[in-house]
Amino acid sequence: MEITLQNVTKVFQSKKAEETVAVDNLDITIPSGQLTGLLGPSGCGKSTTLFMLSGLLRPTQGKIFFGNEEVTPVPPEDRGIGLVFQNYALYPHMTVKQNIMFPLENVKMDKEEAQQKAQNIADLVGIGHLMNRKPKQLSGGQQQRVAIARALVKEPRVLLLDEPLSNLDARLRLQTREEIKRIQRETGITTIFVTHDQEEAMSISDEIVVLREGVTQQVGEPQLVYDKPDNLFVAKFLGTPPINFFDGRIENGRLMIGDANIAKYEGEDQEVKIGIRPEGFRIVERSSFKVTVDLVETIGRDTTLIIEKPNAEGETFRAIVDSEERVEPGTELKLSVRPTKFHVFNKETGEIV
Ligand code: ATP
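The structure displayed is predicted, hence computed values, not measured ones. (Residues numbered from 1 in each chain as written. Predicted model: local features only at pLDDT ≥ 70, side-chain atom pairs only at ≥ 80, totals over all residues. Heavy atoms only, no water.)

Participant: What is the right way to read the overall build of the protein from this model?
Facilitator: Across its full length, the protein carries eight helices and 21 strands. Counting only C-alpha atoms and orienting by the principal axes, one finds that the protein spans roughly 75 × 45 × 40 Å. In the protein, buried positions account for 50% of the 353 residues. Entry remark: accessible area of the protein is about 17900 Å², with carbon and sulfur atoms responsible for 45%. Between the averaged position of the 43 positive side-chain charges in the protein and that of its 52 negative side-chain charges there is a distance of 5 Å. (Helix = DSSP H or I, 4+ residues; strand = E, 2+ residues; numbered from the N terminus. Buried < 20%, exposed > 50% of the residue type's maximum accessible area, 1.4 Å probe, protein only. Areas by Shrake-Rupley, 256 points an atom, 1.4 Å probe, with all protein chains shown as cover. Lys, Arg positive; Asp, Glu negative; His and termini not counted. Charge placed at Lys NZ, Arg CZ, Asp CG, Glu CD.)

Participant: Where do I start with the packing of aromatic side chains in this structure?
Facilitator: We describe a pair of aromatic rings using the distance from one ring centre to the other and the angle between the two ring planes. Tallying each qualifying case throughout the model produces 10 aromatic pairs. Centroid distance F246 to F317: 5.0 Å. Interplanar angle 70°. Geometry classified as edge-to-face. Separated by 71 residues along the polypeptide, F246 in strand β11 (residues 244-251) and F317 in strand β19 (residues 317-321) bring together distant segments of the chain. Among the residues examined, F246 registers a relative accessible area of 0% and is labelled buried. (Phe/Tyr/Trp six-rings, centres within 6.5 Å; stacked < 30°, edge-to-face > 60°.)

Participant: I keep staring at the site of the ligand and nothing clicks. Help me out?
Facilitator: Near the ligand you find F12, T20, A22, P41, S42, G43, C44, G45, K46, S47, T48 and E163, and these make up its full shell. Here an oxygen atom of the ligand sits 3.0 Å away from a polar atom, N or O, in the main chain of C44. Within the contact set of the ligand, an oxygen atom lies 2.8 Å away from a side-chain nitrogen or oxygen of S47. Out of a free accessible area of 630 Å², the ligand has 58% covered by protein chains. Mapped onto the shell around the ligand, the elements with two or more residues apiece are β2 (19-30) and α1 (46-54). With three residues, α1 is the single largest residue contributor to the shell around the ligand. When the residues that make up the shell around the ligand are grouped by side-chain class, the tally is four nonpolar, six polar and two charged. (Near = heavy atom within 4 Å. Polar contact = N/O pair within 3.5 Å; in protein donor to acceptor, adjacent residues only side chain to side chain. Nonpolar A, V, L, I, M, F, W, Y, C, P; charged D, E, K, R; others polar.)

Participant: When you look at the packing of helix α4 (residues 140-152) against helix α5 (residues 170-187) in this model, what are you seeing that I'm missing?
Facilitator: Each pair of packed helices can be summarised by the angle the axes make with each other and by the distance between the axes. Viewed as axis vectors pointing N to C, α4 and α5 meet at an angle of 20°, and their least axial separation amounts to 10 Å. Comparing the axis directions of α4 and α5 gives the class roughly parallel. You can see that α4 and α5 cross each other, and the crossing is right-handed. Across from G141, R145, I148 and L152 in α4, the residues of α5 making contact are L172, Q175, T176, E179, I180 and I183. Looking at the contact of α4 with α5 residue by residue, the classes come out as five nonpolar, three polar and two charged. (Axes fitted to C-alpha atoms, helices over the stretch in contact; angles between N-to-C directions. Parallel < 35°, antiparallel > 145°, perpendicular 65-115°, else oblique. Left-handed = near helix turned anticlockwise from the far one by under 90°. Contact = heavy atoms within 4.5 Å.)

Participant: Before we go on, may I ask you to explain unusual backbone geometry in this structure?
Facilitator: The bulk of non-glycine residues show a negative phi, and the bulk of peptide bonds are trans. Here the residue pair T240 and P241 is connected by a cis peptide bond, since its omega of -10° sits within 30 degrees of zero. By the element assignment, P241 lies in the loop between α8 (232-237) and β11. Positive phi is not limited to glycine here, since N7 has a value of about 45°. Along the chain, N7 falls in strand β1 (residues 3-13). Residue class for N7 comes out partly exposed when judged on its relative accessible area of 35%.

Participant: Looking at this model, I keep getting lost on α4. Mind explaining?
Facilitator: Structurally, the α-helix is built with 3.6 residues per turn, so residues lying three or four positions apart point the same way. In this model α4 runs 18 Å from its N-terminal to its C-terminal C-alpha over 13 residues, within 8% of the 18 Å that 1.5 Å per residue would give. Burial analysis of α4 places 11 of its 13 residues in the buried class, which makes it a mostly covered element. Those residues of α4 not exposed but buried are G141, Q143, Q144, R145, V146, A147, I148, A149, R150, A151 and L152. On its buried face, α4 sits against β6 (81-84), α2 (96-101), α3 (111-125), β7 (158-162) and α5. (Expected span 1.5 Å × (residues − 1).)

Participant: What exactly am I supposed to notice about the sheet that holds strand β10 (residues 215-220) here?
Facilitator: Adjacent strands of a sheet pair through backbone hydrogen bonds, lying either parallel or antiparallel. In space, the six strands of this open sheet follow the order β6-β7-β8-β3-β9-β10, with mixed pairing throughout. Across the chains shown, the open sheet's two edge strands, defined by having one partner strand only, are β6 and β10. Neighbour-to-neighbour, the strand axes of this sheet turn through a mean angle of 15°, independent of strand direction. Against the sheet, α4 engages β6 and β7, with an angle of about 165° to β6. (Pairing = 2+ DSSP bridges.)

Participant: Looking at this structure, I do not really get the environment of L174. What am I missing?
Facilitator: With respect to the secondary-structure elements, L174 resides in helix α5. For L174, a relative accessible area of 40% puts it in the partly exposed group. With 68 residues separating them in the primary sequence, L174 and N106 have C-alpha atoms 35 Å apart.

Participant: Quick question: what am I supposed to make of the pattern of salt bridges here?
Facilitator: A side chain with one charge can pair with a side chain of the opposite charge if their charged atoms come near. In the structure shown here, the tally under the stated rule is 15 salt bridges. Ionic pairing is found between E69 and R157, a salt bridge with its closest N-O pair at 3.1 Å. Taken together, the residues E69 in strand β5 (residues 69-70) and R157 in the loop between α4 and β7 connect sequence positions 88 residues apart. On the accessibility criterion, E69 (35% relative accessible area) is partly exposed. The exposure class assigned to R157 is partly exposed, which follows from its relative accessible area of 30%. One salt-bridge network, held together by shared partners, links R145, E179, R182 and E186. (Salt bridge = Lys/Arg side-chain N within 4 Å of Asp/Glu carboxyl O.)

Participant: Explain the sheet that holds strand β12 (residues 254-257) here, please?
Facilitator: If you walk across this open sheet you meet the five strands as β13-β12-β11-β14-β21, and the pairing is antiparallel. Here the strands that pair on one side only, and so sit at the sheet edges, are β13 (260-264) and β21 (342-346). For this sheet, the mean angle separating the axes of adjacent strands, direction not counted, is 40°. Examined bridge by bridge, strand β14 (residues 270-276) and β21 share five bridges and lie antiparallel to one another. Of the residues in β21, the one forming a bridge with V272 is N346.

Structure follows, in structure tokens:
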């Protein structure tokens, strides 16, 4: 089921009549049966958006549709949503089975049928063998699976996940996120996943929505957004190590950083910000883009060159190169930039040129 947010705005008013625009004119369509990541730094309005989708918050303006049905005034319990939070929120005195069955108690379902349903969902999320344990006898990852099973047991139309992996350690995070992806694929349920972690969002989502201060920055397939960022914020927010920025200019159809000619580039002569992905550099024989390497990190086949005082204009930057030969600190290298790995931004607005 497709979800549409139509010009949705949420303004919070404090007692002193101060206004916070948490979500500003959000106008997006969330595709049916896919996993969409809502991504952005802390305070950008992700949770507020999720709460409006769940019905726990009413938009100040705008409309929300589930399919063709407008749900803006519909209370949470009538929306057909499953909610999972960061802190699991399981009932500690109940067993796993009782926790999962809890949402079924208000719907008049035959006990045996309810038990069967709970067991099926528990098997699906991989905790079918733990039904008689209490939450405190489970690992964090298992507890989060119980919370997911409980959200799914009523067969919701939409699954809403708010930073569901934040309380897990690094290894469990990875495992659980793959698990969430699998469960989403198998159930085909339209899922919205809130996170501030770009790597998490990129790896799990069919589509991402990047937010900044309540405003949508870009929507699209993760790889597409990474390869073709619409603005400097998006380019900066996606990718580890992050993209490198340089002050540069377009001059006579060429892109220049200081005296170095980076590429041919059509466009009006102007000062620009140039973003180059760390993996966008190559060591070459001839180039006017010369740097002296300050530090070298080697992990597997990847060599990361750290250039702390670039001769070109810019701050410390990182170049990940696939080098057969060892590069020693202090070496002067000539670099070229791969054509798809740099982006040119307007110096004032940060929009792509
Ligand atoms: P985080 O990743 O830190 O959870 P977020 O992207 O989910 O952040 P929100 O919780 O949606 O951000 O908050 C968006 C903005 O709205 C923030 O500036 C926040 O301070 C403000 N805000 C959220 N809830 C309220 C509230 N009840 N009253 C006033 N301001 C609020």
